[in-house]
Amino acid sequence: MTLTAHRKMQLYGALLLLPAAVLLATFAYLPTVMTVINSLFLPGFRGEPAEFVGIENYQILFDDPTFWQVARNNLLYALGTIPTSIALALGMALFVNGKLPGRGFVRMAYFTPTILPMIAAANIWMFFYAPQIGLFNSLLERLGFSGINWLGDPSVALGSVIVMSIWKEAGFFMIFYLAALQSLPPDLQEASDLEGTSRWSFFWRVTFPLLMPTTLFVLINALINAVRVVDHLFILTKGGPNNATNLLLYYVYENAFSFFDRTTAATITVVILLVLAVVATLKFTILDRRTHYQ
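Residues numbered from 1 in each chain as written. Predicted model: local features only at pLDDT ≥ 70, side-chain atom pairs only at ≥ 80, totals over all residues. Heavy atoms only, no water.

Q: Just to check I follow, could you spell out unusual backbone geometry for this structure?
A: Leaving glycine out, the prevailing phi sign among residues is negative, and the prevailing peptide bond configuration is trans. P241 follows G240 through a cis peptide bond whose omega is -5°. Mapped onto the secondary structure, P241 falls in the loop between α11 (231-236) and α12 (248-258). The phi angle at N243 is positive, at roughly 65°, despite the residue not being glycine. Residue placement: N243 occurs in the loop between α11 and α12. For N243, a relative accessible area of 22% translates into the label partly exposed. Of note in the backbone geometry, F260 takes a positive phi value of approximately 55° without being a glycine. Given a relative accessible area of 62%, F260 falls into the exposed group. (Helix = DSSP H or I, 4+ residues; strand = E, 2+ residues; numbered from the N terminus. Buried < 20%, exposed > 50% of the residue type's maximum accessible area, 1.4 Å probe, protein only.)

Q: How should the UniProt feature "domain: ABC transmembrane type-1" (unreviewed entry) in the protein chain be read in this particular structure?
A: Under the UniProt annotation, the feature "domain: ABC transmembrane type-1" (unreviewed entry) is placed at residues 71-283. Helix makes up 78% of residues 71-283 and strand 0%. Its end C-alpha atoms lie 21 Å apart. (UniProt positions renumbered as here; feature names shortened; annotations may be inferred.)

Q: Looking at this structure, how should I read the packing of aromatic side chains?
A: Working definition: an aromatic ring pair is given by the centre-to-centre distance plus the angle between the planes. Under the definition given, this model contains 24 aromatic pairs. Relative to W68, the ring of F67 lies with its centre 5.2 Å away and its plane at 70°, an arrangement referred to as edge-to-face. For W68, a relative accessible area of 47% gives the class partly exposed. Relative to W204, the ring of F203 lies with its centre 5.3 Å away and its plane at 75°, an arrangement referred to as edge-to-face. Its relative accessible area of 14% is what places F203 among the buried residues. W204 sits in the partly exposed class, given a relative accessible area of 43%. Pairwise contacts between aromatic rings join W125, F127, F128, Y129, F136, W150 and W167 into one cluster. (Phe/Tyr/Trp six-rings, centres within 6.5 Å; stacked < 30°, edge-to-face > 60°.)

Q: What is the right way to look at the environment of F27 in this model?
A: Inspection of the secondary structure assignment puts F27 in helix α1 (residues 5-38). Here F27 falls in the exposed class, since its relative accessible area comes to 63%. Along the sequence, F27 and L116 sit 89 residues apart, while their C-alpha atoms lie 26 Å from each other.

Q: Help me understand the UniProt feature "transmembrane region" (unreviewed entry) in the protein chain in this model?
A: Taking the numbering used here, the UniProt-annotated feature "transmembrane region" (unreviewed entry) corresponds to residues 75-96, 108-130, 156-181, 202-224 and 265-286. In this annotation, residues 108-130 is assigned 87% helix and 0% strand; the end-to-end C-alpha distance for the span is 28 Å. As annotated, residues 156-181 has a helix share of 100% and a strand share of 0%, and its two end C-alpha atoms lie 36 Å apart.

Q: Looking at this structure, I do not really get the packing of helix α9 (residues 199-210) against helix α10 (residues 212-227). What am I missing?
A: Geometry of a packed helix pair, given as the angle between the helix axes and the separation of the axes. For the pair α9 and α10, interaxial distance at closest approach is 4 Å and the crossing angle is 55°. For the element pair α9 / α10, the angle class is oblique. Of the residues in α10, those in contact with F208, P209 and L210 of α9 are M212, P213 and T215. Of the residues contributing to the contact of α9 with α10, the split by class is five nonpolar, one polar and no charged. (Axes fitted to C-alpha atoms, helices over the stretch in contact; angles between N-to-C directions. Parallel < 35°, antiparallel > 145°, perpendicular 65-115°, else oblique. Contact = heavy atoms within 4.5 Å. Nonpolar A, V, L, I, M, F, W, Y, C, P; charged D, E, K, R; others polar.)

Q: What am I meant to see in the domain arrangement of the protein chain here?
A: For the protein chain, the assigned domains are domain 1 (1-39) and domain 2 (65-288). Taking the mean C-alpha position of each, domain 1 and domain 2 sit 34 Å from one another. At the junction of the two partners, domain 1 supplies five residues and domain 2 supplies six residues. Across the domain 1 to domain 2 interface the summed buried area is about 390 Å²; carbon plus sulfur atoms make up 80%. On inspection of domain 1 and its partner domain 2, the count reaches zero salt bridges. Counting every contact that joins domain 1 to domain 2 gives zero residue pairs in polar contact (both at pLDDT 80 or more). When its residues are assigned to classes, the side of domain 1 that touches domain 2 shows one nonpolar, four polar and no charged. (Domains from an automatic or database assignment. Buried area = accessible area lost by both parts, 1.4 Å probe. Salt bridge = Lys/Arg side-chain N within 4 Å of Asp/Glu carboxyl O. Polar contact = N/O pair within 3.5 Å; in protein donor to acceptor, adjacent residues only side chain to side chain.)

Below, the structure written as structure tokens:
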């Protein structure tokens, strides 16, 4: 049977998509389906088959006060890191986009924390936060204040982790804003100068609205980063003290690999996926309609 030109193009396109489809199915869709299935069963003991319990695992999870503490921690972490990181990234991008001496060096300095592995960055900040020899406590003592147990005091431990995360993420987001600023038409600034518009008015009425697609892209990435925090918690606090810095994905790690409770880990993972799905739906149905370049 001879294929028509249209059929050949369809087959050619399908073959081009096949490797990506196989990778997505193997490493994204299949694990997601298996996680949902595992969250509906209790594992069997001593060779017994797994028992289907439906939503009972979710009821147990929602009755667990530790889960709600961890969820609250993650919400506070997101509220602390997302807006601050985005605001700093935008401010840094505006600064390095202007004409200033050593602009390339300043850009590199802002971006350097991003290229550091998270484990290395966490070890650096562990030295900063060390109670006896840490940089921050040394500065406080020079100013006449007593030192703080930054990672051992439940009242400041989560804030300390938030500060480190902002330092790590802001430079990464700056790159996107800088690229967006450099793509803006220069005639807009020229027209603004002719009209005598102030820099503040030009930013809020022209620059910032044109940066909204970049802002939404950065916002989604910041949200994902706020949920997938594991590695620097493992180095800095291990979720302590008393779960004060424990976040959702680290809680999944603890249940799966420390407590060997794969069912609870799967249940928490499904809850995280559902929350992210709701946020993504809101983004694509509401925010995208209000986002445009012109």
